[in-house]
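Close look at the chain arrangement
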Amino acid sequence: MAATVQVDDHLLADAILGERIRLVARRSFVASLSTPVAAALLLYLGYAEHLAEVQPLYVWSVLITLIVIVNLACCLPQALAEAQPANKQRWMHLHLGSKCLLGLGWGASVWFLMPIATPVFAMMVYIVLSGICAMVVLVHSMFWTSVVAFLLGIYLPVLLYALFHPQPLDVYVAISGALYALLLIVYSGVVNRQLVRGVRAALQARLLTDALLDANTRAEQSLAALQDEHLRLQQALQTIRSMAHQDELTQLPNRRAAMAALNDYLAKWESEQAVCSLIMLDIDYFKAINDSYGHDTGDEVLVAMARRLEAQLRPNDLLARFGGEEFIILLPGTALQEAALLAGRLCAVLAASPLLPAPFALAVTASFGVTQLKEGDTLHDWLCRADQGMYDAKRLGRNQCALVQ
């Protein structure tokens, strides 16, 4: 009869806590290095977007760097040490405080960067914040309270900024950010329970003798299942972030991102009377392409169309897939006649050579509607005029442009 092996519950609980601290400390050290990379990305985007004032960007970069140094000071000694900390509770309190401070540092970025941000830069700031939140959840779910502290720390400044500066994008981000944070908190709680359970199982297997080999095998299987589920959830989070702002097929901004940008320019028009034009285009006979060559070829046409249009636009122009075979081009600082000339050039470039190479050598054209933002416009008015111009171009024979005053 197999001998029964007993493990002291207090020793087991202490060993589990020490193992969790060891794992989190090592992951925190590696994850902390991603913060300067993300901050450097925002600095690069600031230069790429030609921000009028970059001093707040530098100030915030210094602030977040100092906070990262504090975080490294908390986790680095334990990450390099083989022994467990003498006072585990004290280490956990330091870890919780450092995560809260890091969250506040990232959340404070909106106060420094939103007042100087262009729409594209603002969108990238919120995308980076979303990515940082997801990374913290993935790295620190071993301690659920530290994840909650970080998410509350990063969301509080964003919420306060939306309350004091109720612009459409910021209000939208505050609302969606609350839902996103809630999702991450729930997800982190689930993963936390599974991670702790996995660590417990692994330690029990390590302490048990050969008589408990079956229990050790079940623990390994549980860990493997946990890793698979963790990977699936990570991929789901990445998909959610991508779907929020990017069209999966063409890698262009999607309809949601385009609508946010259009609303931004409507607000800018109301405050500054900033000139802006809109081009809406639709691929001619796209259904016939799908019917004749198949939907895979139709997808290739959409991707090739996106790349050819992108090559003709300025860096600050926004090209987005608006739905199906329909695209829009937002042209900041561009009057109607200039936008019409651009639309004519795009129309000619598309028609000049096949969009797809051999064996198809498929020539594809599009119909363009052009309009300019004007006094009293709502988003619906602006889009309807562009849509009317596009259908006028189709009614006149396609492969051409139509202006709507």
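Quick look at the structure, then. No experiment lies behind these values; they were computed from the predicted model shown.

Analysis parameters
Residues numbered from 1 in each chain as written. Predicted model: local features only at pLDDT ≥ 70, side-chain atom pairs only at ≥ 80, totals over all residues. Heavy atoms only, no water. Buried < 20%, exposed > 50% of the residue type's maximum accessible area, 1.4 Å probe, protein only. Helix = DSSP H or I, 4+ residues; strand = E, 2+ residues; numbered from the N terminus. Pairing = 2+ DSSP bridges. Right-handed = clockwise from strand over helix to strand, strands pointing away. Axes fitted to C-alpha atoms, helices over the stretch in contact; angles between N-to-C directions. Contact = heavy atoms within 4.5 Å. 1 Å grid on protein atoms, 1.4 Å probe; cavity = no way out; pocket = protein on both sides within 12 Å on 5 of 7 lines; lining within 4 Å. Points joined across faces, edges and corners; volume = space filled by probe spheres on them. Expected span 1.5 Å × (residues − 1). Salt bridge = Lys/Arg side-chain N within 4 Å of Asp/Glu carboxyl O.

Taken across its eight residues, strand β1 (residues 276–283) has eight buried, putting it largely inside the fold. Residue alternation in β1 divides its side chains into two sets, Cys276, Leu278, Met280 and Asp282 and Ser277, Ile279, Leu281 and Ile283, and both sets are buried. With seven bridges connecting them, β1 and strand β4 (residues 366–372) associate as antiparallel partners. Across the sheet, Asp282 pairs through a bridge with Ser367, a residue of β4.

Here the focus is the pairing of β4. The element β4 is extensively covered by neighbouring structure, given that six of its seven residues are classed as buried. Of the pairings in the sheet, the one linking β4 to strand β5 (residues 401–404) comprises four bridges and is parallel in character. Bridge pairing in β5 links Phe368 to Cys401. In the classification by handedness, the crossover that spans β4, the intervening helix α14 (residues 379–395) and the parallel β5 is left-handed.

Now for the sheet that holds β4. Read from one edge to the other, the open sheet built from five strands follows the order β2-β3-β1-β4-β5, with strand pairing classed as mixed. Two strands in the sheet have a free side with no partner beyond their single neighbour: β2 (318–323) and β5. Taken pair by pair, the neighbouring strands of this sheet meet at an average axis angle of 20 degrees, ignoring direction. In this structure, β2 lies alongside strand β3 (residues 326–332), joined through five bridges in antiparallel fashion. Residue pairing across strands places Leu319 opposite Ile329, the latter belonging to β3. Contacts from helix α13 (residues 336–352) reach β1, β3, β4 and β5 within the one sheet, and its direction differs from that of β4 by about 170 degrees.

With that out of the way, let us pick up empty space enclosed by the protein. Evaluated as defined, the whole model comprises two cavities of 30 Å³ or more. In this structure, the largest cavity spans a volume of roughly 100 Å³. Around the largest cavity, the lining residues are Ser28, Ala31, Ser32, Ser34, Thr35, Lys99, Leu102, Ile132, Met135, Val136, Val139 and His140. For the lining of the largest cavity, the elements supplying multiple residues, two or more each, are α1 (9–32), α2 (34–48), α4 (88–107) and α6 (119–140).

Across its 16 residues, helix α12 (residues 295–310) extends 23 Å between first and last C-alpha, which sits within 8% of the 22 Å expected from 1.5 Å per residue. Taken as a whole, α12 has its buried residues at Thr297, Gly298, Val301, Leu302, Ala304, Met305, Ala306, Arg308 and Leu309. Next to the buried residues of α12 lie β1, α11 (286–293), β2, β3, α13 and β4.

The full count for this structure, using the stated rule, is eight salt bridges. Residue Arg314 pairs with Asp317 through a salt bridge whose shortest N-O separation is 2.7 Å. Taking relative accessible area as the criterion, Arg314 reaches 38% and is therefore assigned partly exposed. Residue classification places Asp317 among the buried residues on the basis of a relative accessible area of 10%. Among the salt bridges present, the one from Asp377 reaches Arg385, with a minimum N-O distance of 2.6 Å. A single network of salt bridges, built from pairs that share partners, joins Asp282, Asp284 and Lys394.

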